[in-house]
Structures are given as C-alpha cells and as structure tokens.
Amino acid sequence: MARQMTGAKMIVQALKDQGVDTIFGYPGGAVLPIYDEIFLQNDIRHVLVRHEQAALHAAEGYARSTGKPGVALVTSGPGATNAVTGLTDALLDSIPLVVLSGQVPTFMIGTDGFQEADTVGITRPCTKHNWLVKETDDLPRLLHQAFHVATSGRPGPVLLDIPKDVQFATGTYIAPPKKTEYRYQPQLKGDLEEITEVIAALETAKRPVFYTGGGVINSGPAASQLLRELVEATGAPITSTLMGLGAYPASGDKWLGMLGMHGLYEANMAMHDCDLMICVGARFDDRITGRTDAFSPKSKKVHIDIDPSSINKVIHVDYPIIGDVAHVLEDMLKVWKARGRKMDREGLAKWWQKIDGWKQVKCLTYKNSDKIIKPQYALERLEALTKGMDRYITTEVGQHQMWAAQFLHFEEPHRWMTSGGLGTMGYGFPASVGVQQAHPEALVINVAGEASWLMNMQEMGTAMQYRLPVKQFILNNERLGMVRQWQQLLHGERYSSSWSESLPDFVKLAEAFGAKGIQCSDPADLDDAIMEMINYDGPVIFDCLVEKHENCFPMIPSGKAHNEMLLGDASTEGAIQSDGAVLV
C-alpha cells in the first residue's frame, strides 16, 4: 500500500522491508534527518564506528559472515570520500553492500558548498552501480533496486547519494516489488550443451583439478554442498583461492590447500600439470596465475562464472559457462550421473600418486624455536586451541594474512573474512566488529600485523561501546613484514621504510580503551596466553611478539610460473629442483 512519508522515513522503512537489522555508520549534517528517523525506531540497530572506512569494512564483515547485504550510512563530502576504500574493496571481492551517503541540498549541488563532493562521480569506478536521488518520490524505487543490484548476479557494492532536501521532503512510499519485476536479471542457468561438453571432458581427463573461488560462497550454501558432492563423487582434487576457503572442508581428503602466490606446493603443481582445470566462481586473479603465458600450459580450461565480463578477461578458456555456481554445479551433477558416473579411474589413481609425491615436500615446514615465537607456530597453536569452536576469522593484510590462510583450517563457508583483491591494510579489525555484531555468541578473532592493525585502531572504541568481545591477535614483528620480505628477496636487502618504529605499548593501549591487553614473547607461555584471550569476556588486544625476519613461504616470485616456487629462504643455500622450485 502506498503511504505518504518523508524521504528520511522512507529510507528507514525500505531498510526494514529489505530485512535489514544492522547499519554501520557515522553521522554528519547531510544525514541528520536519517539519523533522526533511526532514533525514533527500535527495529534496526545502528553501530557507531569511529571512521567511515571502518563502517564499510564492518558492513563487509557482516555481509561475508551472513550472506546478507551489509549496509553503511555516511555523510556527504569527507564522509563519502572516506568510504571509497571500502567500496573498492567490496567491488574487487564481490561483497554485497548498500551504502547510503548524504549530499548537500539539490539546489546547492555544483556550488562547492560546505562538505560537498561529487560522490556519484568519485564512486562510479568503485561501485557496481550508483545513483544520485533528485526526487523524493524516486527514493523507494531506487532503494529497493539498490538491494536487488547489490545481491543479484555477481554481488557488489552500490551507493545512493541522497541530498538533504530529498530527505526532508514528503513523497509516496511503495513496498518492494517482486524479484522478477526488476529489469536487471542476470543469467542463472548455464547452457546445458556446454555443461555436457564439460562432463565429457571430465570423464576422459587423466589429471583434472577443481579450482574454486569466492563465487562458490557468494552463490549460497547450496553451491558449497553441491561442490562437495561433485568432488567426492568424481574423486578429483580441489584447490581454492584465498577468498574461497571453507567452500570445501579443509579436512576433506580431496583438498590440496590454497593455491597462488603463497599457496601450497601441491596445489600449484597440480594447477601447472593438470590436463583439465575446472574453474568455479574464481576470476584468474594475478595472485593465482603467476605468469599468464606459463599458467597451466597443458590443460583444457573450464570457467564457470555468473559475470560474463570475467570470461576470457585474463585467461582464455576452452569451455566458458555463464551462470550461477549452484545452478551450474547442480546440472553438472545431473548430467554426470545420467551419463553413467564415468571417470578415468586409472588415470586418476596415477594423478593422485603424483600429487601425494608433491605433498611429501611438506612445503609448510619451518624451523621452530623454543626461544622466540615463530609466527607459523603462533597460528598453529591458535588453530589447535580453537578447533571445533564456533569460530570466525578476519585478517588484516600482509604476511600474517598468508600464514593465517596456510595454517588455519576452515570446514564451512562464511567463516573466513579477508581482503583479497584490494589487499586493504586496516580491513580486519572493523570487519571483525561487523562479524561479531552479526554473531554475538561466536568467537571472532582478527589475525593482524601491528602495522596493518594500527590503520583502524580507533575501532577499539566501537568494540567497547557495543561490548563486542572481538579478539585482536597481533603478530608483532615490528616490521611491514611483506614489504620487508620483498625488499630482502627482490630489492637487494634495501629496507626502505619497512620498519614499524615508535610502536605503542599494546597492553597499555588496550587498557586505555578499557579493554584487556596481553603480551606474550615466550613460546612456552603461548598456549596459556591464547586461552586467557579466548576466555576473557570482552575485547582483547593480544600482542604476540614474533620473529622479526621470518619470511612467508612457499612463494611464487613476481613474474614466475607455478612450477618456479620458492620453498624456503632464497638467501640461504638451496638446491634447485628439476621443476624449478627452490628448497632450503
């Protein structure tokens, strides 16, 4: 039923009608009418962050851990420009966000008014779509459309820029239309003939591998379940990008681990030597492919993706299938079963024999110490002590992020939140706030580096205000670890600006916010300290003092192929294998 109400009230009503229960935001003059309406209702909770970038990352954490769109509210000018990093992060990682920004009144647009910025122009390259709302009567339609666009097809961030006079004016509110009534209707079903061709190729493949990404998780729980069923039924190995961890369980016997620049040796070698690569919901990112002209040179390639623009964008494929992952996997299973469940079992057995040989390299082996905490050991202990718990992990960006991906194991989707495409330092802490808000009873841990964590340290205020017991597990090496590693290996050990000097006392910093601070430097004390962090009922900053110059391996150096991995510190004496890998 159509109702008369102000634009600000329309916004809150539309959020309710779209099932929104949480908004992350920061008020300012251009959005005060909306904040007034938020104050007058109790259905939607507003979480006051301490910086607009954090609002976007918190909304990302909420979205990634729930499968629902995240919502952020920012004011005009600097509020909107502070949101740009989060928008770009969400665009590259396909995270559904609806961002509402305030704008100066329509009659002032273009006058360089106070806190005016061309938000639509600025955010056009970093959103899936955006709108400047000039008429109050257009507001309900565009709000509902924004949610549809953000969550349909390849998910992503959208933005509505709403002038202040549009918020004050009265118009007619309409309820959300049916999903089928929207003009934007991405293709969900894959072409059955192409799917049948893929199954025919799978039946005769001697060295197949499934290469999966965040698109499996974005497609919903059915996609992860269908993927597991297809992998188990066919017996083919499976690997994943950083964004796809958890879609297939890490305990599964077909699991090769993560692939890519810091992926596992067996995963990268399988990608290099396979004869059929089935890419499901991934986009051939450069962190995955390495040198594109040497990427999986012996394979026929399948690419399943809902975004047509991703097909043949980076790597030319033999079997392009446009469609939603869940729909395509369902049809693949049906066709494979209908054709007699055939596989080249003899070829597969030899393939697994080869893979088992690569596994014997034990590429994650490191030299442990009883005197200083190695970062790998810290994460091994964190995994062991939290395994089986209702646990969600977020990360900042850097070496710690890669070690977390290597040493923490995920059995389900939506449990791993990290910045993949943009690599945003400062992502993890506010993302953990969003995850904890969505899952108040769960254990939420942000694995961080001290440099990355400091970029949004102000969110301790948010965690304390809303009693969100997020655990900040900081691997403190007093370095910009990944930068330092690249400088050591690729820039002649010229450590230009890669030391984190003048660091705070993290225990005192935690206490200054009213939170708990823990510092640990002795490996013998680590387990007890981690359990103290877990058991404390409130936010914790855990300052884990680790080896300062530990390097993250395996590593595909920039410009190299998958079979040219560094398996240990290249500065130490090593033997070059026939496949090109450097072994310590």
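Residues numbered from 1 in each chain as written. Predicted model: local features only at pLDDT ≥ 70, side-chain atom pairs only at ≥ 80, totals over all residues. Heavy atoms only, no water.

(A) View of the sheet that holds strand β12 (residues 276–280). Pairing in this open sheet of six strands is parallel, and the strands run β11-β10-β9-β12-β13-β14 from one edge to the other. Whereas interior strands pair on both sides, the edge strands pair on one side only; in this sheet they are β11 (255–258) and β14 (319–322). Averaged over all pairs of adjacent strands, the angle between strand axes in this sheet comes to 15 degrees, irrespective of strand direction. Bridging between β12 and strand β13 (residues 300–305) involves five bridges; their strand directions are parallel. Across the sheet, Met277 pairs through a bridge with Lys301, a residue of β13. (Pairing = 2+ DSSP bridges. Helix = DSSP H or I, 4+ residues; strand = E, 2+ residues; numbered from the N terminus. Axes fitted to C-alpha atoms, helices over the stretch in contact; angles between N-to-C directions.)

(B) Representation of helix α14 (residues 325–338) in the model. Here α14 spans 20 Å end to end across 14 residues, near enough to the 20 Å set by a 1.5 Å rise per residue. One side-chain oxygen of the residue at the start of α14 lies 3.2 Å from the amide nitrogen of Ala326, identifying that residue as Asp324. Of the residues one or two after α14, Gly340 is the one with positive phi, at around 105 degrees. (Expected span 1.5 Å × (residues − 1). Polar contact = N/O pair within 3.5 Å; in protein donor to acceptor, adjacent residues only side chain to side chain.)

(C) Just the sheet that holds strand β18 (residues 471–476), in detail. Strand order in the open sheet formed by six strands is β16-β15-β17-β18-β20-β19, and the pairing between neighbours is parallel. Edge positions in the open sheet fall to β16 (416–417) and β19 (516–520), since each of these has one partner strand only. With five bridges joining them, β19 and strand β20 (residues 540–545) adopt parallel strand pairing. Note on β20: the bridge partner recorded for Gln519 is Asp543.

(D) Spatial organisation of the pattern of salt bridges. Here the structure, examined in full by the defined rule, presents 27 salt bridges. Across the pair Asp273 and Lys298 runs a salt bridge, and its minimum N-O distance is 3.6 Å. Remark: Lys298 occurs in the loop between α13 (286–289) and β13 and Asp273 occurs in helix α12 (residues 265–273); sequence separation between them is 25 residues. Under the relative-accessibility criterion, Asp273 is labelled buried at 8%. Between Asp390 and Arg415 there is a salt bridge, with its nearest N and O atoms 2.6 Å apart. Placement of the pair is Asp390 in the loop between α16 (375–386) and β15 (391–395) and Arg415 in the loop between α17 (399–407) and β16, with a sequence separation of 25 residues. (Salt bridge = Lys/Arg side-chain N within 4 Å of Asp/Glu carboxyl O. Buried < 20%, exposed > 50% of the residue type's maximum accessible area, 1.4 Å probe, protein only.)

(E) How the structure looks around the environment of Gly29. The residue Gly29 is located in the loop between β2 (22–25) and α2 (32–39) in this model. Among the residues examined, Gly29 registers a relative accessible area of 34% and is labelled partly exposed. On a C-alpha basis, the gap between Gly29 and Arg415 in space is 37 Å, while along the polypeptide they are 386 residues apart. Leave out the neighbours within four places in its chain, and Gly29 touches Thr75 and Lys164. (Contact = heavy atoms within 4.5 Å.)

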